[in-house]
Amino acid sequence: MIVVCSKGVCSVVMETESQPSQQDAEPERKPAEKARGADINYGIDDNPPWYFCIAMALQHYLTMIGAIVSIPFILTPALCMRDEDPARGTIISTMIFVTGLITFLQVTWGCRLPIVQGGTISFLVPTLAILNLPQWKCPPGEVLDAMSDADRTELWQVRMRELSGAIAVAAVSQLVLGFSGAVGKLLRIITPLTIVPTVALVGITLFPHASETASKQWGIAVGTTAMLTLFAQAMSEVPFPGVVYRKGRGLCVTWFPLFKLFPVLLTIAIMWTVCGILTVTGVFPEGHPARTDVRLRVLQDADWFRVPYPGQFGLPTVSLAGVLGMLAGVIACTIESISYYPTIAQMCAAPPPPLHAINRGIGIEGFGTILAGLWGSGNGTNTFGENVGAIGVTKVGSRRVIQWAALIMILQGVLNKFGAVFIMIPDPVVGGIFCVMFGMITAFGLAALQYVDLRSARNLYILGVSFFFPLVLCLWIQEHPGAIQTGNETVDSTLSVLLGTTILVGGVLGCALDNLIPGTPEERGLVAWSKEMALETLPGDGDGVGSLRADLPLGKSTFDFPYGMTLMRRWKWTRYLPFLPTYKMKL
């Protein structure tokens, strides 16, 4: 990246290390690539200068951190943990650490798309269903207040061990699903009318938690939502001036889209400052949830350095109800990631992801969720939609940038003090962010409706039933936890979790109805949806069609492994493994 200055004003020109100038060295792109990424600054196989990689990696890290810190605000109260417990910061640091590990593995050896893998809201729905069981509900407030610190710690850790075991065991199914190649067969029944209720119900189900958090101070919460809307939508195209110093040129002014790049962080920083001012001036009384010092002890008690490790909260436990309940989160994450892959490939000027890359991506995601469970994050891993949006905004789709971001996450994951800082964000600010975040998750699920015919009475019937029935059933199950009486406690708990998880009931219902009720492929959206998925494998054997990049070696595919491809192509048996780049089998 170079800065050209004239009369004190600088313009930024980006170029890779291997490209001396944009005009002379940029390879001519094939027509297919122009259609898939005509305005991309750095494609998936490009390697920007190291300093630009670090800057963009920080951008992805800061984009991810907003979603990461929101999960413990819902999880830890359900675990019966105190708001001021420093362990909440430990959970955040663990999530960040595992996110870095799995992101690096996914980008380098997995689907090889520039995606960030991390904690997901999708696992909160079955988590809350499990913790709503009679044996896991928190004791009354007076009982909690009478407990010693050691007893209170064991109270939430025994619940964390139950979640850890359930997440890790349930994720084995996702690992097998990917590496066995069963994803290809699954894609036959995962239709847009399956994706819509599965993903959209994640956001809809969590709205009570947004309401509970925002209601602690509605003025701050509404102001947070309004400011985030202003930055992300109304001011997204407004350039912001910045001053940079260049050796031999002095101070230069550069313009960049600040509000488009950092709307969440700007909103949190401003509203946090407002809460700080109202705290200092005494507008918020002592103990008010909107005060900035209400959880100051968390920061003071947190360790500076702490390396997360598997089983840090004790040996995980496994129960049938927990495992089957977490399968709902696994299914939701699998469907969501499959729907993200073609979009990301198009955004970063990559070919449509072949079947072996999809298989490998889902398998690695399952492996990451196993690690997340064993590490005690209380959550799984999934593709971060926020970071997908960051690629669309910055027009930088290089996987090298995401690899740098993963390294930053690993480093920050061992800084426990850093994770504790985010616990101090006032609850109403978090509630305002929830109102937007959960709404966007719902909207992403509804976006799959663009493929189906909404004039069809058949489709409207399936949508209505798959949305409304799960909400009715799951609400009743949650309000009547002991309603299911089969005579077997394990069966009762299992059915309570399964029928109390909206995304599972909605997804299964939508999938079953769409595949059983007669309808034409065009009506069901299968024709339009199939164009987004490249299920045949890329040849990659020397015919040069394995990549859209004209400057890559002949026959080299964007989705090839970084090492060992020459040896792998010599072995014929590698053509039969559905997760290897040499896979030749067709659906």
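Residues numbered from 1 in each chain as written. Predicted model: local features only at pLDDT ≥ 70, side-chain atom pairs only at ≥ 80, totals over all residues. Heavy atoms only, no water.

- As annotated in an unreviewed UniProt entry, the protein carries the name Xanthine/uracil transporter and comes from Anopheles farauti.
- Annotation of the protein in UniProt includes, under Sequence similarities (unreviewed entry), the sentence "Belongs to the nucleobase:cation symporter-2 (NCS2) (TC 2.A.40) family."
- What the UniProt record of the protein gives under Subcellular location (unreviewed entry) is the line "Membrane". (UniProt positions renumbered as here; feature names shortened; annotations may be inferred.)

Considering the overall build of the protein
Here comes step 1: Along its length, the protein carries 26 helices and six strands.
Here comes step 2: Contacts in the protein between residues at least 24 apart in sequence constitute 79% of all its contacts with a sequence separation of at least 6.
Here comes step 3: Accessible area for the protein stands at about 24,300 Å²; split by element, carbon and sulfur atoms hold 65% of it. (Helix = DSSP H or I, 4+ residues; strand = E, 2+ residues; numbered from the N terminus. Contact = heavy atoms within 4.5 Å. Areas by Shrake-Rupley, 256 points an atom, 1.4 Å probe, with all protein chains shown as cover.)

Topic: unusual backbone geometry
If a residue is not glycine, its phi is most likely negative; likewise, a peptide bond is most likely trans.
Here comes step 1: Even without a glycine there, the phi angle at Cys 80 is positive, about 70°.
Here comes step 2: Residue placement: Cys 80 occurs in the loop between α3 (50–78) and α4 (87–109).
Here comes step 3: For Cys 80, a relative accessible area of 3% puts it in the buried group.
Here comes step 4: Even without glycine at this site, Arg 112 takes up a positive phi of about 65°.
Here comes step 5: For Arg 112, the location among the structural elements is in the loop between α4 and β3 (117–118). (Buried < 20%, exposed > 50% of the residue type's maximum accessible area, 1.4 Å probe, protein only.)

What about helix α21 (residues 457–479)?
Here comes step 1: If you check α21, its first and last C-alpha atoms are 33 Å apart, about what 23 residues at 1.5 Å a residue would give, namely 33 Å.
Here comes step 2: Within α21, the full set of buried residues consists of Arg 458, Asn 459, Ile 462, Leu 463, Ser 466, Phe 467, Pro 470, Leu 473, Cys 474 and Ile 477.
Here comes step 3: Taken together, the buried residues of α21 touch α9 (192–205), α20 (427–446), α22 (489–499), α23 (502–516) and α24 (521–524).
Here comes step 4: Backbone nitrogen of Arg 458 and a side-chain oxygen of the N-cap are separated by 3.2 Å at the start of α21; the cap is Ser 456. (Expected span 1.5 Å × (residues − 1). Polar contact = N/O pair within 3.5 Å; in protein donor to acceptor, adjacent residues only side chain to side chain.)

Brief notes about the side chain of His 288
Here comes step 1: Relative to the helices and strands, His 288 is located in the loop between α13 (263–280) and α14 (296–301).
Here comes step 2: Dropping the residues within four chain positions of it, His 288 is found in contact with Lys 216, Gln 217 and Val 294.

Concerning the packing of α9 against helix α15 (residues 320–347)
Here comes step 1: α15 packs onto α9 with a crossing angle of 120° between their chain directions and a minimal axis gap of 10 Å. Relative to α15, the element α9 lies oblique. Relative to α15, α9 is oriented so that their crossing is left-handed. Across from Thr 194, Ile 195, Thr 198 and Val 199 in α9, the residues of α15 making contact are Ala 332, Ile 335, Glu 336 and Ser 339.
Here comes step 2: Looking at side-chain class alone, the contact of α9 with α15 contains four nonpolar, three polar and one charged residues. (Axes fitted to C-alpha atoms, helices over the stretch in contact; angles between N-to-C directions. Parallel < 35°, antiparallel > 145°, perpendicular 65-115°, else oblique. Left-handed = near helix turned anticlockwise from the far one by under 90°. Nonpolar A, V, L, I, M, F, W, Y, C, P; charged D, E, K, R; others polar.)

Overview of the nonpolar core
Inside soluble globular proteins, nonpolar side chains tend to come together where they are buried.
Here comes step 1: In this structure, Leu 113, Ile 121, Leu 206, Met 326 and Phe 438 are the most contacted members of the largest nonpolar core, which totals 107 residues.
Here comes step 2: When residues in this core are grouped by element, the largest group, 13 residues, is from α15.
Here comes step 3: When near neighbours in sequence (up to four residues on either side) are disregarded, Leu 206 contacts Ile 121, Leu 124, Val 125, Leu 128 and Phe 438.
Here comes step 4: Ranked by size, the runner-up nonpolar core spans seven residues in total, among them Phe 97, Ile 102, Ala 372 and Trp 375. (Core = buried A, V, L, I, M, F, W, Y, C linked by side-chain atoms within 4.5 Å.)

Section: a nonpolar patch on the surface
Here comes step 1: A cluster of nonpolar side chains, Trp 50, Tyr 51, Phe 104, Trp 404 and Leu 407, forms an exposed patch at the surface whose accessible area comes to about 500 Å².
Here comes step 2: Secondary structure elements with two or more residues in the nonpolar patch: α3 and α18 (399–413). (Patch = residues over 30% accessible without salt bridge, like charges linked within 9 Å, V, L, I, M, F, W, Y side chains within 5 Å. Salt bridge = Lys/Arg side-chain N within 4 Å of Asp/Glu carboxyl O.)

Considering the confidence of the model for the protein
Note: predicted coordinates in regions of low pLDDT should not be interpreted at a detailed level.
Here comes step 1: For the protein, the mean per-residue pLDDT works out to 78, and 84% of the residues sit at or above 70.
Here comes step 2: No element of the protein has a lower mean pLDDT than helix α1 (residues 22–25), at 38, and none a higher one than helix α16 (residues 355–375), at 92.
Here comes step 3: Of the regions scoring below 50 in pLDDT, residues 1–35 engages in 69 contacts with residues more than four places distant in sequence or in other chains. (pLDDT = per-residue confidence, 0-100.)

So, the environment of Thr 273
Here comes step 1: With respect to the helices and strands, the residue Thr 273 is situated in helix α13.
Here comes step 2: In this structure Thr 273 comes out as partly exposed when scored by relative accessible area, which is 48%.
Here comes step 3: Separated by 19 residues in sequence, Thr 273 and Thr 292 place their C-alpha atoms 8.7 Å apart.

Overview of α16
Here comes step 1: The terminal C-alpha atoms of α16, which comprises 21 residues, lie 30 Å apart, in line with the 30 Å expected from a rise of 1.5 Å per residue.
Here comes step 2: Burial analysis of α16 places 19 of its 21 residues in the buried class, the great majority of the element.

Some words on the environment of Ala 448
Here comes step 1: For Ala 448, the position within the fold is in the loop between α20 and α21.
Here comes step 2: Here the alpha-carbon distance between Ala 448 and Val 199, two residues 249 residues apart in the chain, equals 9.7 Å.
Here comes step 3: Apart from residues no more than four positions distant in its own chain, Ala 448 is found in contact with Pro 192, Ile 195 and Val 196.

Considering the pattern of salt bridges
Here comes step 1: Evaluation of the coordinates by the stated rule reveals nine salt bridges.
Here comes step 2: For Arg 291, the salt bridge goes to Glu 286, with nearest N and O atoms at 3.5 Å.
Here comes step 3: We classify Arg 291 as buried; its relative accessible area is 6%.
Here comes step 4: Glu 286 sits in the exposed class, given a relative accessible area of 68%.
Here comes step 5: Between Arg 569 and Asp 560 there is a salt bridge, with its nearest N and O atoms 2.8 Å apart.
Here comes step 6: Asp 560 sits in the buried class, given a relative accessible area of 2%.
Here comes step 7: Shared partners join several salt bridges into a network, and the residues in it are Arg 458, Asp 514 and Arg 524.

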